[in-house]
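Single-letter residue listing:
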Number of protein chains: 2
Amino acid sequence: MELDDRKLKILTAIIRNYLETGEPVGSRTISKDSDLNLSSATIRNEMSDLEEMGLIVQPHTSAGRIPSDKGYRLYVDMMLKEKEEELNNLKVELNAKSEKLDTILKEAAKVIADSTNYASMITVPQYRSKKIKFIQLTQVDYSSILCVVVLDGNIIKNMMVPCDRELPQDAILKLNLMMNTFLQGLDMQEINVSVMQKLRTEASEYSALISDILDAVAKCLEEQGVEAYTSGSTNIFKYPELNESGKATNLLYALEEKKQLTELMYKEGDKDRGIQVYIGEENPIEATKDCTLVTATYHLEDGVYGKIGILGPRRMDYEKVVGTLRNLMSELDGIFHKE
Amino acid sequence: MELDDRKLKILTAIIRNYLETGEPVGSRTISKDSDLNLSSATIRNEMSDLEEMGLIVQPHTSAGRIPSDKGYRLYVDMMLKEKEEELNNLKVELNAKSEKLDTILKEAAKVIADSTNYASMITVPQYRSKKIKFIQLTQVDYSSILCVVVLDGNIIKNMMVPCDRELPQDAILKLNLMMNTFLQGLDMQEINVSVMQKLRTEASEYSALISDILDAVAKCLEEQGVEAYTSGSTNIFKYPELNESGKATNLLYALEEKKQLTELMYKEGDKDRGIQVYIGEENPIEATKDCTLVTATYHLEDGVYGKIGILGPRRMDYEKVVGTLRNLMSELDGIFHKE
DNA sequence: TATTAGCACTCGACGTAATTGAGTGCTAAC
DNA sequence: GTTAGCACTCAATTACGTCGAGTGCTAATA
């Protein structure tokens, strides 16, 4: 069957209406609301066709129709194409002056959740293959050494390493020089046994200390249990269709146990700079099969990226969400690439 | 009226039973369950007395009784006294080897939530009056300076300060020396205008840079929006009496908007090293008036403390909760004071 | 041929009894 | 002081009737 112009108009009218009300929409409503000037009977015939095409479904006989996943998909695809250039004018309230990365991200999640009324989550970028730019050791007191590591992209990590005595000033200087000479420009994989061996030989009497420090560095750099922040998870209670018995609980659980979500968010890789929409059953996570998930990728710099996602009911205000996300992406870009 | 031994036994039997089932408990149940060997009629008479004393209430005529806040209070006080020395043997799975503080705390919250099946939250200690122990400036690349500040208690803060040119090595050394000379041992309040003035004069040509750095330091130290982590917030869905319509939503909202909770958790100060129990209406926060909140204070070192809280239904397994908290407190003590 | 009006039919939602059963208080007997 | 028995209460559950939004089909109309 052909999806002609009129059918399309009716479909979008149905979807729009359903997004607003959350109630199945009947032929009479469309007949009155839209500017098609058709009787409800005609609409009924068309709706019957649309149902046959799998774009809308009836929750039960003698109820109105609601969009199917396929119907949403059509609508979203259309909208994405249409809105390609348009930018929503939401004022993002990120006051991002040199705040820490995770503060910015938390704030971003909050902004998104507040302005869309859906639940949002954002993952912290991974620095899998970051190189060491700079290492600094300092004796802070008689029993501990502070070790600061700066990675490409000015990611700073620091840790305390215990030691058993106070080192003379020149020893510290020497160790610093050594560490930087041997480790600068290397990433984690490249710090192998031979490098460590060399360092230890060179350090002679401080070889044990060097071991401790290297351990600390390694541990600190590996410490990348893909972190994520969520916000507005209680928003899902605003949508009755998600609020049924078990569903909301499962969703909240999934949001709290961010693991699955982050996995999903990374699955797609960073190829796509664009916006991804998963509708209902398209959703790879069981708990979210009654929802729509919209994700966008932001880039801190080449190869360092994270994702931000919005989770809401199928009847999500797609236009607003996409607009908000686009806007936020450009804000984040501005913040991260301002230098 | 006198609260004799038999009444007490009946009361605890009622409470225990209600903790298990969540249903109002009737005279017949007690008559059968407990080892008192009394008929339900006798129990009824006693229950009538207990009700008169305000220790139990009837949700409605012809329903069983449930403990009132006062009844819980009696029970908890008894239990706290009884269990004073006893330590629950929960194996805390904190593998705390030199992990970062916030990782430990997050983990602690999770352990508590998992093992009790209630919601938990933990606040990150504040370092309000911490003194600067050590400051280190390093030029990382031509346009940025890394500033590391170590506070009493080995709290490390760091930040990047932009600068407009590469500084000569000896300038950096001089600045470092200056900063440490002037700022060491001071806390935030003590870094006043006169100190800053002196520093800037001393720094002569780098006076602008010094300003930037001081700003960064100040900002970084002030950055103490009492943080908190929550875990297991979805657990509250396990208790039907909290799961009613709006209640759960409000609770979740309160848990997400940690602000109120952290306020509460700090209100009490750090005088009490012990365990606090707020039952129902005793709860200072509106949203939690249907819950019991149990808090405990942990100490990182003198004057640096945080609280951990467990939020659950009134019918909380008080013994388990108190045991678990006591145990965790001692674990944390072990971790923080091992050196 | 496409559109529309009209009508019978379906089925969830809602409101109002009727029924059930756990539990109580009271009284009289033990 | 304790217990058995009985009448009473009341939330919860079930059953049932009504309502109305919405459909599909058919016949009339443009």
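Residues numbered from 1 in each chain as written. Chains lettered and ligands numbered in written order. Predicted model: local features only at pLDDT ≥ 70, side-chain atom pairs only at ≥ 80, totals over all residues. Heavy atoms only, no water.

A. Here's a closer look at helix 5 (residues 101–116) of chain B. Residue and element names in this part refer to chain B. When the terminal C-alpha atoms of helix 5 are compared, their 23 Å separation across 16 residues agrees well with the 22 Å that a helix rising 1.5 Å per residue should span. The secondary structure elements touched by the buried residues of helix 5 are strand 3 (119–123), strand 7 (228–231), strand 9 (291–301), strand 10 (304–313) and helix 11 (318–336). The positive-phi residue at the C-terminal boundary of helix 5 is N117, with phi of around 70 degrees. (Helix = DSSP H or I, 4+ residues; strand = E, 2+ residues; numbered from the N terminus. Expected span 1.5 Å × (residues − 1). Contact = heavy atoms within 4.5 Å.)

B. Structural detail: the protein's contact with DNA strand D. Neighbouring residues of DNA strand D: 20 residues in total, closest S27 of chain A together with R6, S39, T42 and S62 of chain B. The share of sugar and phosphate among atoms of DNA strand D within 4 Å of the protein is 76%. Here R65 of chain A contributes a side-chain N or O atom positioned 3.2 Å from a phosphate oxygen of DNA strand D. The set of elements that each furnish at least two residues to the surface near DNA strand D consists of helix 3 (40–52) of chain A together with helix 3 (40–52) of chain B. (Near = heavy atom within 4 Å. Polar contact = N/O pair within 3.5 Å; in protein donor to acceptor, adjacent residues only side chain to side chain.)

C. Just the pairing of strand 8 (residues 275–279) of chain B, in detail. Residue and element names in this part refer to chain B. Summarising burial for strand 8: four of the five residues are buried, a large majority. With five bridges connecting them, strand 8 and strand 9 associate as antiparallel partners. In the sheet register, I275 faces strand 9, and the bridge partner there is A296. (Buried < 20%, exposed > 50% of the residue type's maximum accessible area, 1.4 Å probe, protein only. Pairing = 2+ DSSP bridges.)

D. Examining the packing of helix 6 (residues 169–183) of chain A against helix 7 (residues 193–203) of chain A more closely. All names here are of chain A. Two elements in contact, helix 6 and helix 7, have axes whose closest approach is 11 Å; the angle formed by their N-to-C orientations is 160 degrees. Relative to helix 7, the element helix 6 is oriented roughly antiparallel. Both helix 6 and helix 7 take part in a crossing whose hand is right-handed. Contacts between helix 6 and helix 7 involve K174, L175, M178, M179, F182 and L183 on the former and, on the latter, V195, K198, L199, E202 and A203. (Axes fitted to C-alpha atoms, helices over the stretch in contact; angles between N-to-C directions. Parallel < 35°, antiparallel > 145°, perpendicular 65-115°, else oblique. Left-handed = near helix turned anticlockwise from the far one by under 90°.)

E. Examining the domain arrangement of chain A more closely. As far as domains go, chain A holds domain 1 (5–67), domain 2 (101–124 + 226–337) and domain 3 (132–221). When each unit is reduced to the centre of its C-alpha atoms, the spacing between domain 1 of chain A and domain 3 of chain A is 67 Å. (Domains from an automatic or database assignment.)

F. Broad picture of the layout of surface pockets. What the second largest pocket holds in volume is close to 840 Å³. Taken together, 28 residues line the second largest pocket, and the ones lying closest to its centre are Q136 and L173 of chain A together with Q136, L173 and N176 of chain B. Put simply, the parts of the chain that give the lining of the second largest pocket at least two residues each are strand 4 (132–141) and helix 6 of chain A together with strand 4 (132–141) and helix 6 (169–183) of chain B. Classifying every residue of the lining of the second largest pocket gives 14 nonpolar, twelve polar and two charged. (1 Å grid on protein atoms, 1.4 Å probe; cavity = no way out; pocket = protein on both sides within 12 Å on 5 of 7 lines; lining within 4 Å. Points joined across faces, edges and corners; volume = space filled by probe spheres on them. Nonpolar A, V, L, I, M, F, W, Y, C, P; charged D, E, K, R; others polar.)

G. Main features of helix 4 (residues 69–82) of chain A. Residue and element names in this part refer to chain A. The terminal C-alpha atoms of helix 4 lie 20 Å apart, and with 14 residues this matches the ideal 20 Å at 1.5 Å per residue to within 8%. For helix 4, the full list of buried residues reads D69, G71, Y72, Y75, V76, M79 and L80. Each buried residue of helix 4 sits inside an arc of 160 degrees when the element is viewed along its axis, so together they form one side. Exposed side of helix 4, more than 90 degrees from the buried face: K70, K81 and E82 are the residues found there. Buried residues along helix 4 sit in contact with helix 1 (5–21), strand 2 (66–67), strand 8 (275–279) and helix 11 (318–336). (Arc of directions from axis to C-beta.)

H. Examining the sheet that holds strand 4 of chain A more closely. Residues and elements named next belong to chain A. With antiparallel pairing, three strands are arranged side by side in an open sheet as 4-5-6. Edge strands, defined here as strands with exactly one partner in the open sheet, are strand 4 and strand 6 (155–162). Averaged over all pairs of adjacent strands, the angle between their axes in this sheet comes to 20 degrees, without regard to strand direction. When strand 5 (residues 144–151) meets strand 6, the two strands line up antiparallel, connected through eight bridges. Counted as the bridge partner of L151 is I155 from strand 6.

I. Layout of the interface of chain B and chain A. The partner chain A presents 35 residues to the 36 residues of chain B that form the contact. Summed over the shared surface of chain B and chain A, the result is four salt bridges. Between E257 of chain A and K110 of chain B there is a salt bridge, with its nearest N and O atoms 3.4 Å apart. Counting the contacts that link chain B with chain A gives eleven residue pairs in polar contact (both at pLDDT 80 or more). Among the elements of the structure, helix 5, strand 4, strand 5 (144–151), strand 6 (155–162), strand 7 and helix 9 (245–256) of chain B are those that each provide at least two residues to the side of chain B that touches chain A. The greatest single-element share of the side of chain B that touches chain A, amounting to seven residues, is contributed by strand 4 of chain B. Class assignment for the residues of the side of chain B that touches chain A results in eleven nonpolar, 13 polar and twelve charged. (Salt bridge = Lys/Arg side-chain N within 4 Å of Asp/Glu carboxyl O.)

J. Highlighting the packing of aromatic side chains. Taken as a whole and judged by the stated rule, the model has seven aromatic pairs over all chains. Note on Y75 of chain A and Y318 of chain A: the rings are 6.4 Å apart at their centroids and 70 degrees apart in plane angle, and the pair reads as edge-to-face. Of the two residues, Y75 of chain A sits in helix 4 while Y318 of chain A sits in helix 11, which places them 243 residues apart along the sequence. In this structure Y75 of chain A comes out as buried when scored by relative accessible area, which is 4%. Under the relative-accessibility criterion, Y318 of chain A is labelled buried at 1%. Ring geometry for Y72 of chain B against Y318 of chain B: centres 5.8 Å apart, planes inclined by 55 degrees, an arrangement best described as tilted. With a gap of 246 residues between them, Y72 of chain B in helix 4 (residues 69–82) and Y318 of chain B in helix 11 connect regions that are remote in the sequence. Accessibility assignment for this pair places Y72 of chain B and Y318 of chain B in one class, buried. Among the aromatic residues, those joined into a ring-pair cluster are Y72, Y75 and Y318 of chain A. (Phe/Tyr/Trp six-rings, centres within 6.5 Å; stacked < 30°, edge-to-face > 60°.)

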